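Chain by chain, the residues:
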Amino acid sequence: KPRIGVLAIQGDFAAHAEALREAGAEAVLVRKPAELAGVEGLVIPGGESTTFLRFLERDGFLGALQEFVQTRPTFGTCAGCILLAKEVRNPAQRSLGVLDVTVERNAYGRQIDSIIETSQTALEGGPLELVYIRAPRIVRSGEGVKVLAERDGFPVLVEQDHLMAATFHPELSLDRRVHQRFVDLVRSRTTA
Ligand code: GLN
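Residues numbered from 1 in each chain as written. Predicted model: local features only at pLDDT ≥ 70, side-chain atom pairs only at ≥ 80, totals over all residues.

Per an unreviewed UniProt entry, the protein chain goes by Pyridoxal 5'-phosphate synthase subunit PdxT and derives from Silvibacterium dinghuense. The record held by UniProt for the protein chain lists under Function (unreviewed entry) the comment "Catalyzes the hydrolysis of glutamine to glutamate and ammonia as part of the biosynthesis of pyridoxal 5'-phosphate. The resulting ammonia molecule is channeled to the active site of PdxS." UniProt lists a comment for the protein chain under the heading Pathway (unreviewed entry), and it reads "Cofactor biosynthesis; pyridoxal 5'-phosphate biosynthesis." (UniProt positions renumbered as here; feature names shortened; annotations may be inferred.)

Asker: Mind showing me how you'd approach the overall build of the protein chain here?
Answerer: Helices and strands together make up the secondary structure of the protein chain, namely five helices and 12 strands. For 192 residues, the compact-globule estimate of 2.2 N^0.38 gives 16 Å, and the C-alpha radius of gyration of the protein chain, at 15 Å, lies within 12% of that figure. Considering only C-alpha atoms, the protein chain reaches an extent of 40 × 35 × 30 Å along its principal axes. Taken across its 192 residues, the protein chain has 41% of its residues classed as buried. At a minimum sequence separation of 6, the contacts of the protein chain that also span at least 24 residues come to 63%. (Helix = DSSP H or I, 4+ residues; strand = E, 2+ residues; numbered from the N terminus. Rg over C-alpha atoms; globule rule 2.2 N^0.38 Å. Buried ≥ 20, exposed ≤ 12 C-beta atoms within 10 Å, placed from the backbone. Contact = placed C-beta atoms within 7 Å.)

Asker: What am I meant to see in the sheet that holds strand β12 (residues 163-166) here?
Answerer: What links the strands of a sheet is backbone hydrogen bonding, and the strands pair in either a parallel or an antiparallel sense. The mixed open sheet is built from seven strands, whose spatial order is β2-β1-β3-β4-β12-β11-β10. Every interior strand has two partners, whereas the edge strands, β2 (26-30) and β10 (146-151), have only one. With direction set aside, neighbouring strand axes in the sheet form an average angle of 20 degrees. Where strand β1 (residues 3-7) and strand β3 (residues 41-44) come together, three bridges link them in parallel fashion. Bridged to V6 within β3 is V43. Where helix α1 (residues 13-22) meets the sheet, it contacts β1, β2 and β3, and its direction lies at approximately 165 degrees from that of β1. (Pairing = 2+ DSSP bridges. Axes fitted to C-alpha atoms, helices over the stretch in contact; angles between N-to-C directions.)

Asker: Help me understand the UniProt feature "binding site: L-glutamine" (unreviewed entry) in the protein chain, please; the structure alone is not making it clear to me.
Answerer: According to UniProt, the "binding site: L-glutamine" (unreviewed entry) feature falls on G47, E48, S49, R105, I133 and R134. Judged by maximum C-alpha separation, these annotated positions cover 88 residues in sequence but sit close together in space, the widest gap being only 12.9 Å. Within the secondary structure, G47 is located in the loop between β3 and α2 (49-56). When sequence neighbours within four positions are dropped, the list of residues in contact with G47 reads Q10, G11, D12, F52 and A79. Tracing the chain through its elements places R105 in the loop between β6 (99-104) and β7 (115-119). Beyond its immediate chain neighbours, meaning those up to four positions away, R105 contacts I82, V88, N90 and P136.

Asker: Looking at this model, I keep getting lost on the site of the ligand. Mind explaining?
Answerer: Taken together, G46, G47, E48, S49, C78, A79, I82, R105, N106, I133, R134 and P136 are the residues near the ligand. Considered class by class, the residues forming the shell around the ligand number five nonpolar, four polar and three charged. (Near = placed C-beta within 6 Å. Nonpolar A, V, L, I, M, F, W, Y, C, P; charged D, E, K, R; others polar.)

Asker: Teacher, can you tell me more about the confidence of the model for the protein chain here?
Answerer: Caution applies to low-pLDDT parts of the model: their predicted coordinates are not meant to be read in detail. Per-residue confidence for the protein chain averages 94 on the pLDDT scale, and 97% of its residues sit at or above 70. Here the predicted complex carries an ipTM of 0.93, next to a pTM of 0.96. (pLDDT = per-residue confidence, 0-100.)

Written out as structure tokens, the structure reads:
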């Protein structure tokens, strides 16, 4: 089984760990930078990206994470997607800068404007439930970014080499196809 970490300093990491187990991975909670060395892939969950940054700026965590995401499979959801992005707007903030997208934070309004939708995506097996919670919007994506799902013409699920990102929360749905895809990505990168 691939050993996949879930960044567990903030946000809904427990639901991600459970989803990864259901998708056939061994899930490990990562709370310290040194723990990154023991995992083959990483999920950066949703939560509040500014709070993540505040925690990461301690103990050299940001540097260790920066190095990990350069080459190792990483899946960022919602706040995690914001952290992976090359550019963040509304307002501009620091990020890991590896995913070639520009994201606008809280682009759909306030918490009350959070929504659950079902739509057709590039994943096989029919429509997918998409849970959005104060979601960011990917307003630009570079050439190397593959779009797997969209909402109103904006990407909501993307892939770029060893990276995956979603502006919604796949861990909050029962469907495991998105986590499965990431587990497969980790497998393909570690057995190659
Ligand atoms: N609004 C959060 C942010 O800007 C993201 C919300 C989420 O992760 N559900 O960081």
